[in-house]
Amino acid sequence: PPAIRKISEKHDKVFVTGCLEPDTSQPRANAAFVVLARNKELDGVIQSMKSIERHFNRWYNYPYVFLNDGDFNQTFMDTVKNYTSATVEFGKVGPEMWGYPDWIDPKVAKEGVNKQGDNAIMYGGMESYHFMCRFYSGFFYKHELLAKYEWYWRLEPEIKYFCDITYDPFLKMIEQNKTYGFTIAVKELRETVPNIFRYAAAYKRLNNIESQGLWEMFTEPKPEKKEPPKPEKPKPARLPDVDPEGMEGEEYNMCHFWSNFEIARLDFFRSKEYEDFFQMMDRSGGFWMERWGDAPIHSLAAGVLLAPRDIHYFRDFGYRHTTIQHCPANAPTRQLPRQPFLEKTTTNERERREEDEYWESWDEPKENGVGCRCR
Ligand code: GDP
Ligand code: MN
C-alpha cells in the first residue's frame, strides 16, 4: 500500500466518481480483451467471462482475443462464443514466441528450471510456466491477432469482478493520457527473482535513463550497514558484463503491478525502449535460470521508462484473482462489520494492518465515492 500511494496521491485520480448509467454513446476504443488459456481451463475462462460480461462488457461489447500455444478445440471455441455477443478470435502462439529461444542451450535452460523445482520455488520447476511468463513479457503484443489493436485488457481464467464498471476505461485512459493501469500491487516472492533487479538497473544505467519518479516505487535505498552481497557465481546463459555492484545504492523492494489484470497501451510494449529492455532481460537467461514473472518485468520496465502520471490505479474496480483481491472503499463488503479478508488477502498480519491503515487514511469519500454497484 505505501507503494500505491506514491502513485495515487499526487498524480492520479479516480476516473469516475459515483455510479453512472453506462454511457455507451461514444465510439469504442481500438481495444480488445486478451486471454491466454488452455482447453482444460474452459470452466475458469467461462467464470471470468460471465463476470466481465455482467459487470462491463454487456454494455461495451469489446472483442476478445484468445491465445494458446496449442490448438483450441471446438468445444472451447463454441462454448466461449456462447457467453458473449462480442467478436471472438482464436489464435495460436507459435514456437517463435513460446518455448526455448534458439540462442540458448535447451539442456542448460531445462536444468535451470529443474533446479528451481528441486528448490520448491513456486512454479519454478514448471517449464510451461516459464514459457508463459516470457510470452507475456516479450511477445503477446507482437501476436498477429493483436496487430490491429492499440489497447488491451488482460483477462485470466478464474478471476472475478465485483462491481459494475459503468464507464469505458480505455476512453478514460486515452482522455487522461495514461499508459498502464492496474488494480493490485503486491510484493514478489524474492526467490523467484533474485537477480532481476541487477539487470533492470543495469538497463537503466547503461542507457543513462533518468527516473521520472516511478522508479522509486520499486526501489529502496540499500541499508547502509549491510555488506554488499557477494556476486553470484556466473551461471551459463547469463550476461557476463553487468556489474552487480553498480546499482547506485538501490535495491528492489519486490513491489510489482499484479499483471493478471492490466489495461494498457500496446505501443508502450512495442516501443524500441521496451524491446531493448526485454532483450537485455531475456539474454540474461533469467526467464530460465530464475522464474521471472511478467509482472515484475512489466513493472520494472514501467519504472524505468514511465512516470507516475502515466500510470492509473483502478481503485474503483472490485477484482479478485485466487487469494488476493481488491475491493473499492464503498463496496458493501467494506461496510461494518468489517470482514478482514475482503480488502486484500494476505496471510501476513502486519501487511493486513498496513492495508487497513491505508484505507482508513484514504482521503476520498468512502461512501458513494469511488466504485459502483458492488455485489
Ligand atoms: P498464476 O495466475 O500465476 O497462478 O498463473 P496461471 O496458471 O493463471 O497462468 C497465467 C495465464 O497464463 C492464465 O491465463 C493461464 O491460462 C495462462 N497459461 C499458463 N500456462 C499456460 C500454458 O502452458 N499454455 C497456455 N495456453 N496458457 C497458459
Ligand atoms: Mn491466474
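None of these values were measured; they are calculated from a predicted model.

1. Comments concerning the overall build of the protein chain
- Tallying secondary structure elements over the protein chain gives 13 helices and 14 strands in all.
- A burial count over the protein chain gives 39% of its 375 residues as buried.
- For the protein chain, the proportion of contacts with a sequence separation of at least 24, taken over those separated by at least 6, is 87%.

2. Some words on the sheet that holds strand 5 (residues 159-161)
- Across the sheet, which stays open at both edges, the three strands sit in the order 5-13-14 with antiparallel pairing between neighbours. Strands with a single pairing partner mark the edges of an open sheet, and in this sheet they are strand 5 and strand 14 (324-326). Between one strand axis and the next, the sheet turns by 10° as a mean value, whatever way the strands run.
- Alignment of strand 5 against strand 13 (residues 319-321), held across three bridges, turns out to be antiparallel. When the sheet's bridge partners are listed, Lys-160 is paired in strand 13 with Arg-320.

3. Considerations on the UniProt feature "active site" (unreviewed entry) in the protein chain
- Under the local residue numbering, the UniProt record ascribes the feature "active site" (unreviewed entry) to Glu-262.
- With 20 C-beta atoms counted inside 10 Å, the residue Glu-262 sits in the buried group.

4. A short note on the environment of Thr-79
- By the secondary structure assignment, Thr-79 is in helix 3 (residues 74-82).
- With 36 residues separating them along the chain, Thr-79 and Asp-43 place their C-alpha atoms 9.6 Å apart.
- The residues contacting Thr-79, other than those within four sequence positions of it, are Leu-42 and Ile-46.

5. What about the nonpolar core?
- Grouped together as the largest cluster of nonpolar side chains are 86 residues, with contacts concentrated most on Phe-33, Val-34 and Tyr-152.
- Ignoring any residue separated from it by four or fewer positions in sequence, one finds Val-34 in contact with Val-65, Leu-67, Phe-140, Leu-146, Tyr-152, Arg-154 and Leu-155.

6. So, unusual backbone geometry
- Phi is positive for Ala-120, close to 55°, though the residue is something other than glycine.
- One non-glycine residue with positive phi stands out, namely Glu-158, at about 60°.
- Its location among the elements puts Glu-158 in the loop between strand 4 (151-154) and strand 5.
- On the neighbour-count criterion, Glu-158 (16 C-beta atoms within 10 Å) is partly exposed.

7. Some words on the pairing of strand 3 (residues 88-92)
- Bridge count for strand 2 (residues 64-68) against strand 3 is five bridges, and the pairing is parallel. By the bridge assignment, Tyr-64 is partnered in strand 3 with Val-88.

8. Side note on the site of ligand 1
- Around ligand 1, the neighbouring residues are Leu-36, Ala-37, Arg-38, Glu-41, Asn-68, Asp-69, Ser-128, Tyr-129, Met-132, Glu-156, Pro-157 and Asn-260.
- Considering each element in turn, the shell around ligand 1 owes the most residues, three residues, to helix 5 (residues 127-138).
- Tallied by class, residues from the shell around ligand 1 come to five nonpolar, three polar and four charged.

9. Thoughts on the sheet that holds strand 11 (residues 262-265)
- An order of 3-2-1-4-11-6-12 is seen for the seven strands of this open sheet, with the pairing classed as mixed. Pairing within the sheet leaves two strands with one partner each, and these edge strands are strand 3 and strand 12 (311-313). Each neighbouring strand pair of the sheet contributes to a mean axis angle of 20°, computed without reference to strand direction.
- The pairing of strand 6 (residues 180-182) with strand 12 spans three bridges and is parallel. From the neighbouring strand, Gly-181 faces strand 12, where its bridge partner is His-312.

10. Topic: the environment of Glu-275
- If you trace the backbone, Glu-275 turns up in helix 10 (residues 272-283).
- Owing to 13 C-beta atoms within 10 Å, Glu-275 belongs among the partly exposed residues under this scheme.
- Expressed as a C-alpha distance, the spacing of Glu-275 and Gly-318, which sit 43 residues apart in the sequence, is 32 Å.

11. Overview of the pairing of strand 2
- Of all five residues making up strand 2, four are buried, and the element is well covered by its neighbours.
- Pairing analysis gives four bridges linking strand 1 (residues 31-36) to strand 2, with the strands arranged parallel. Paired with Val-35 across the bridge in strand 2 is Phe-66.
- In this fold, strand 1 hands off to helix 2 (residues 42-60), which returns the chain to strand 2; that crossover is right-handed.
- For the segment spanning strand 2, helix 3 and strand 3, crossover handedness is right-handed.

Quick notes on the rules
- Residues numbered from 1 in each chain as written.
- Chains lettered and ligands numbered in written order.
- Predicted model: local features only at pLDDT ≥ 70, side-chain atom pairs only at ≥ 80, totals over all residues.
- Helix = DSSP H or I, 4+ residues; strand = E, 2+ residues; numbered from the N terminus.
- Buried ≥ 20, exposed ≤ 12 C-beta atoms within 10 Å, placed from the backbone.
- Contact = placed C-beta atoms within 7 Å.
- Pairing = 2+ DSSP bridges.
- Axes fitted to C-alpha atoms, helices over the stretch in contact; angles between N-to-C directions.
- UniProt positions renumbered as here; feature names shortened; annotations may be inferred.
- Core = buried A, V, L, I, M, F, W, Y, C linked by C-beta atoms within 7 Å.
- Near = placed C-beta within 6 Å.
- Nonpolar A, V, L, I, M, F, W, Y, C, P; charged D, E, K, R; others polar.
- Right-handed = clockwise from strand over helix to strand, strands pointing away.

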